[in-house]
Amino acid sequence: TQSTWGQKNVRVQMWGWVVEKLAFPVPDRSFASQILHDKKKDLIELHTSNGFIIPALWITRPSAKFTVIYSHGNAEDLGLCLSWCEHLAHYCDINVFVYEYGGYSSSKRLDGKPAQPSEETCYQSIKAAYEYLIRNNVPPTEIIALGRSLGSGPTVHLASKLKVELAAVVLISPLSSAIRSQIFNVFSFAMSRYDIFLNYKKARQIPFVTLVIHGKADEVVQFANGEELYGLLPNKVLPLWIPECGHNNLPQKDVFDRIKAFLEEIPQYPKVKIEEEPSTSLSLSSRSQVS
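Because the structure is predicted, anything quoted here is derived from the model rather than measured. (Residues numbered from 1 in each chain as written. Predicted model: local features only at pLDDT ≥ 70, side-chain atom pairs only at ≥ 80, totals over all residues. Heavy atoms only, no water.)

Quick word on the packing of helix H2 (residues 29–38) against helix H3 (residues 78–92)
In a pair of packed helices, the angle between the axes and the distance between the axes together describe the arrangement.
In step 1: For the pair H2 and H3, the least separation of the axes is 7 Å and the interaxial angle reads 55 degrees. Between H2 and H3, the angle is such that the two are oblique. In contact with Phe-31, Ala-32, Ile-35 and Leu-36 of H2, H3 contributes Leu-78, Gly-79, Leu-80 and Leu-82.
In step 2: Across the contact of H2 with H3, the residue classes tally to 7 nonpolar, 1 polar and no charged. (Axes fitted to C-alpha atoms, helices over the stretch in contact; angles between N-to-C directions. Helix = DSSP H or I, 4+ residues; strand = E, 2+ residues; numbered from the N terminus. Parallel < 35°, antiparallel > 145°, perpendicular 65-115°, else oblique. Contact = heavy atoms within 4.5 Å. Nonpolar A, V, L, I, M, F, W, Y, C, P; charged D, E, K, R; others polar.)

Side note on the environment of Phe-197
In step 1: Following the sequence through the fold, Phe-197 ends up in the loop between helix H6 (186–190) and helix H7 (199–202).
In step 2: Taking the C-alpha atoms as reference points, Phe-197 and Glu-119, 78 residues apart in sequence, are found 6.8 Å from one another.
In step 3: The contact partners of Phe-197, leaving out residues within four places of it in the chain, are Phe-24, Glu-119, Cys-122, Tyr-123, Leu-150, Gly-153, Pro-154, Leu-175, Ser-176, Ser-177 and Ala-178.

What to know about the packing of aromatic side chains
In step 1: Evaluated as defined, the whole model comprises 12 aromatic pairs.
In step 2: Residues Trp-84 and Phe-256 carry aromatic rings whose centres are separated by 5.3 Å and whose planes lie at 65 degrees to one another, so their mutual orientation is edge-to-face. Of the two residues, Trp-84 is situated in helix H3 and Phe-256 in helix H9 (residues 252–265); the sequence distance between them amounts to 172 residues.
In step 3: Given a relative accessible area of 1%, Phe-256 falls into the buried group.
In step 4: Between Tyr-101 and Tyr-104, the aromatic rings sit 5.7 Å apart at their centres with planes inclined by 80 degrees, giving edge-to-face as the arrangement. This pair shows no difference in class: Tyr-101 is buried, exactly as Tyr-104 is. (Phe/Tyr/Trp six-rings, centres within 6.5 Å; stacked < 30°, edge-to-face > 60°. Buried < 20%, exposed > 50% of the residue type's maximum accessible area, 1.4 Å probe, protein only.)

Some words on the nonpolar core
In step 1: In this structure, Leu-46, Phe-97, Tyr-99 and Leu-166 are the most contacted members of the largest nonpolar core, which totals 47 residues.
In step 2: Contributing elements (two or more residues each) for this core: strand S1 (44–47), strand S2 (52–59), strand S4 (95–99), helix H4 (119–135), strand S6 (143–148), helix H5 (152–161), strand S7 (168–172) and helix H8 (223–232).
In step 3: Looking at this core, the element that brings in the most residues is H4, giving 8 residues.
In step 4: Aside from chain neighbours lying at most four places away, what touches Phe-97 is Ile-44, Leu-46, Ala-56, Leu-57, Trp-58, Thr-67, Val-68, Ile-69, Tyr-70, Ala-129, Tyr-132 and Leu-133. (Core = buried A, V, L, I, M, F, W, Y, C linked by side-chain atoms within 4.5 Å.)

By themselves these figures say nothing about function.
Put into structure tokens, the structure is as follows:
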């Protein structure tokens, strides 16, 4: 009946809201505010198509061949991840464009309403970052999309659904989906209607060569997530599985050494042809929102 359908719809919306709330534990903005204030002259403002103004920073190296778009994890922000990005740029001799998600740090809404993060806003934020690089004459075949943890969500979406060109993709401690990151069993399938960041449904559609890095003792995003995504990818290199390491203690040198070696491998793995899947084709926005 109509009332029963309405009740089910309310439950779907409620559980979807709960999942999104748990997915975005936004850190205190004070640290990022100080960092971004100190970097004020280098700060870039991006406008997303859904009404956010988000900050970004472009770390450049004079001899860099590639530019990385970095998508951070859910419990960090632009201020907290900046030092890691600076070390990555220096160690691997690459440019790093690190952007913020709407709802994090100093981001704000054009309409003045409270800025709350969401799955869709993450997708629109990385789209704004990519388009900024293109407008500033960065060849798309020199852009690498790199996402860590929750940042694998916008990274996979960019590479699989937005019909862009990239050089490659790097996924560090990636999640198969928000719910699968915590519950990797049959129950996760039962909860799929409430899930967000459905990387496991998009990984097969990534035509660009992809490197996956994951700690085998990860208790935040279970190692099975990285394994599943690696198995689904059609164009990939040897992954880096790190024994006895969790989510937040991956050895930086090991990670950077593997990324640095990957930069040399990229030319050996051209973009592959992906067969279209009409039943799951999406527009520039994310999957259809539950109404």
